[in-house]
Amino acid sequence: MTLLHDTAHAKINLYLHVTGRRPDGYHLLDSLAVFAGAADEVRLAKPSNTFSLSIEGHFGKGLEANDSNLVLRAARALQTHARQENAYHLILEKNLPVASGIGGGSADAACTLRLLGQLWNIAEKDLLAIAEPLGADVPVCVQQKTTRMEGIGEILTSAPAMPDGGILLVNPGIAVSTPDIFRSFAAMGGIIERPAPVFPARWASMNALVDMLSHTTNDLQAPAIHHAPVIGTVLDRMNAQNDCLMARMSGSGATCFGLFPTAEAARKAEMELSKNPLHSGWWTWAGPFLQN
Ligand SMILES: C[C@@](CO)(OP(=O)(O)O)[C@H](O)COP(=O)(O)OP(=O)(O)OC[C@H]1O[C@@H](n2ccc(N)nc2=O)[C@H](O)[C@@H]1O
Ligand SMILES: Nc1ncnc2c1ncn2[C@@H]1O[C@H](COP(=O)(O)OP(=O)(O)O)[C@@H](O)[C@H]1O
């Protein structure tokens, strides 16, 4: 039995500039976040006395269905806000790798907020306020649209829609700790002063987007490669694929993305890459962007 369900899509930081640091240690960011077809699913299964969770899916094994899970944390936070006594059994289908720079846990939390928000008739602005303390990436995942993220992730400005094209995601099978990568970023030189990227009204093509991105970086990429050199190998392999327009790491890693002129070209590159037996433990996904 499923009352309602929704998909929690992978967030990809096409660029990520660290622009400052708050007194509490959190880093100020400027990032273009987009969403890919790859997704977890959250299902509201049936009414229950208290919120409970079961986890299915390939990446569910390493994840506890306890109070620390972002799905339950989001559900309880909204229940308190909405002064609701009703609770549900939730099912999470975990298809996205955990602690991998594509915000899977944040997307699951956001998806839970959307589902319960729909049921309890809660406005999006209230969902965004509940999302913020759950994690820096949760607000952007509530809207699941191409967005410029600033502040620590709570200042959201809509960005032009993605042009037609394809994306390939590759994770080399390692989990990376976000706080560790931010710490290494500081130790390896820290903030770079530079002008903020300017977005056009629309990107005429994938090449136009790639041209803008060539003037940006993911500031966390070098610190992450320092922690996990295999990330450098993933980027080399991705860059070696036919039609790969650019390759870069997302978030604090270790997932990397490649941009392609079409979803078909991204799928071809995925097949090529997967032929190599050395890549057998790598998770891959290829296809279109999630459009606004
Ligand atoms: C780096 C980013 C970029 O989108 O993505 P991921 O690598 O997680 O996908 C996010 O900012 C991650 O957001 P999220 O994973 O929700 O982070 P949180 O749980 O709020 O914070 C985890 C820890 O990361 C560090 N942190 C996080 C966000 C931020 N703007 N500055 C930080 O310094 C802090 O040490 C914090 O304790
Ligand atoms: N539903 C969930 N899915 C993934 N991770 C979760 C979830 N709930 C809690 N977590 C915890 O959140 C941390 C960050 O997970 P995740 O959002 O996948 O990272 P990232 O944003 O780097 O992709 C993990 O270390 C994990 O233990």
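Residues numbered from 1 in each chain as written. Chains lettered and ligands numbered in written order. Predicted model: local features only at pLDDT ≥ 70, side-chain atom pairs only at ≥ 80, totals over all residues.

The name an unreviewed UniProt entry assigns to the protein is 4-diphosphocytidyl-2-C-methyl-D-erythritol kinase, from the organism Gluconobacter japonicus. Recorded in UniProt for the protein, the comment headed Pathway (unreviewed entry) runs: "Isoprenoid biosynthesis; isopentenyl diphosphate biosynthesis via DXP pathway; isopentenyl diphosphate from 1-deoxy-D-xylulose 5-phosphate: step 3/6." Regarding the protein, the relevant UniProt record gives this comment under Catalytic activity (unreviewed entry): "4-CDP-2-C-methyl-D-erythritol + ATP = 4-CDP-2-C-methyl-D-erythritol 2-phosphate + ADP + H(+)". (UniProt positions renumbered as here; feature names shortened; annotations may be inferred.)

With numbering aligned to this structure, UniProt lists the feature "domain: GHMP kinase N-terminal" (unreviewed entry) at residues 69–142. This span, residues 69–142, is 58% helix and 9% strand, and a straight line between its end C-alpha atoms measures 17 Å. (Helix = DSSP H or I, 4+ residues; strand = E, 2+ residues; numbered from the N terminus.)

By nearness alone, 20 residues border ligand 1, and Gly135, Ala136, Asp137, Gly251 and Ser252 come closest of all. A per-class count over the shell around ligand 1 returns eight nonpolar, eleven polar and one charged. When we break the shell around ligand 1 down by domain, the ones giving at least three residues each are domain 1 (4–158) and domain 2 (166–287). (Near = placed C-beta within 6 Å. Nonpolar A, V, L, I, M, F, W, Y, C, P; charged D, E, K, R; others polar. Domains from an automatic or database assignment.)

This next bit is on the site of ligand 2. Lining the immediate surroundings of ligand 2 are 20 residues, of which Leu70, Ala99, Gly104, Gly105 and Asp108 lie closest. For the shell around ligand 2, the secondary structure elements donating two or more residues are α1 (70–82) and α2 (104–120). Considering every element that reaches the shell around ligand 2, the biggest residue donor is α2, with four residues. A per-class count over the shell around ligand 2 returns seven nonpolar, eleven polar and two charged.

Before going further, it helps to spend a moment on the packing of α1 against α2. Following both chains from N to C, one finds α1 and α2 inclined at 35°, their axes separated by 8 Å at the closest point. Seen along the crossing, α1 lies across α2 with a hand that is right-handed. Contact residues: Leu70, Val71, Arg73, Ala74, Ala75, Leu78 and Ala82 in α1; Gly105, Ser106, Asp108, Ala109, Thr112, Leu113, Leu116, Gly117 and Trp120 in α2. Considered class by class, the residues forming the contact of α1 with α2 number ten nonpolar, four polar and two charged. (Axes fitted to C-alpha atoms, helices over the stretch in contact; angles between N-to-C directions. Left-handed = near helix turned anticlockwise from the far one by under 90°. Contact = placed C-beta atoms within 7 Å.)

Assigned domains within the protein: domain 1 (4–158) and domain 2 (166–287). Distance from the C-alpha centre of domain 1 to the C-alpha centre of domain 2: 22 Å. Of all the elements in the fold, those that place two or more residues in the side of domain 1 that touches domain 2 are β1 (4–21) and β2 (27–48). Broken down by element, the side of domain 1 that touches domain 2 gets its largest block of residues, ten residues, from β1. Class assignment of the residues belonging to the side of domain 1 that touches domain 2 gives a composition of twelve nonpolar, nine polar and one charged.

Once that is clear, we can look at unusual backbone geometry. Of note, the amide linkage connecting Gly253 to Ala254 takes the cis form, showing an omega dihedral of 10°. Mapped onto the secondary structure, Ala254 falls in the loop between β8 (246–249) and β9 (256–260). Notably, Ala99 is not glycine yet its phi reads approximately 50°, a positive angle. Its place among the elements puts Ala99 in the loop between β4 (87–93) and α2. Since 20 C-beta atoms lie within 10 Å of it, Ala99 is described here as buried. The backbone phi angle of Asn121 is positive, close to 60°, even though this residue is not glycine. Within the fold, Asn121 resides in the loop between α2 and α3 (124–131). (Buried ≥ 20, exposed ≤ 12 C-beta atoms within 10 Å, placed from the backbone.)

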